[in-house]
Amino acid sequence: MWQTISYVSTVDPSLNDGDMEKLFEFVKLKNNELKITGILMYSDGNFLQVLEGKKDIIDSLFNKIKQDSRHYNIIKIFDRAIVNPCFSKYHSNFTVVGESYDHSELQTFLREEKSFNPDNYKSISYLANKFMKLS
Ligand SMILES: Cc1cc2nc3c(=O)[nH]c(=O)nc-3n(C[C@H](O)[C@H](O)[C@H](O)COP(=O)(O)O)c2cc1C
């Protein structure tokens, strides 16, 4: 069983640049280890995240994320089963996009979603581009 969850949240204002870098590094490493794909974006004090992977792993991770004091106001955008195993050889690693990052990674993520996970693409592409002020 494969599952995808997406949410937006507000960053705890006490986090500094170093804390954010540490969080981004941790998330990338951990998600590649757990074979989770998706994206974590940060813009203007808010996070937007898409997680895709084995249902049990995604569910237990989201429970941890919900309780993490580094953010609050967590609002789920979707939580549903996906048909295609998303961590295929065609897929890239988990992507993190911050304000100072190269947005081409976001475009690569969206392109892959469009072909492998069209439902997610429909739900997320408009919001992701607005979120990063790309359209
Ligand atoms: C906005 C945000 C996104 C996060 N995303 C992930 C994630 O994708 N993967 C992950 O392992 N931890 C993520 N975390 C960290 C988890 O909340 C938690 O700290 C981490 O899973 C370590 O938990 P553990 O020490 O109990 O294993 C995120 C935290 C925040 C604040």
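What comes next is a walk through the structure.

What counts and what doesn't
Residues numbered from 1 in each chain as written. Predicted model: local features only at pLDDT ≥ 70, side-chain atom pairs only at ≥ 80, totals over all residues. Heavy atoms only, no water. Near = heavy atom within 4 Å. Polar contact = N/O pair within 3.5 Å; in protein donor to acceptor, adjacent residues only side chain to side chain. Areas by Shrake-Rupley, 256 points an atom, 1.4 Å probe, with all protein chains shown as cover. 1 Å grid on protein atoms, 1.4 Å probe; cavity = no way out; pocket = protein on both sides within 12 Å on 5 of 7 lines; lining within 4 Å. Sits in = over half its atoms within 2 Å of the grid points. Helix = DSSP H or I, 4+ residues; strand = E, 2+ residues; numbered from the N terminus.

Moving on, we get to the site of the ligand. Around the ligand sit 15 residues, and of these Lys30, Asn31, Gln49, Lys64 and Asp68 come closest. Asparagine 31 has a polar side-chain atom sitting 2.7 Å from a nitrogen atom of the ligand. Within the contact set of the ligand, an oxygen atom lies 3.2 Å away from a side-chain nitrogen or oxygen of arginine 70. Protein burial of the ligand: of its 620 Å² of free accessible surface, 80% is covered by the chains. Put simply, the ligand lies in the largest pocket. Listing elements by their share of the shell around the ligand, those giving two or more residues are α1 (17-33), β3 (46-54) and α2 (55-66). Here the shell around the ligand gets 5 residues from one element, more than from any other, and that element is α1.

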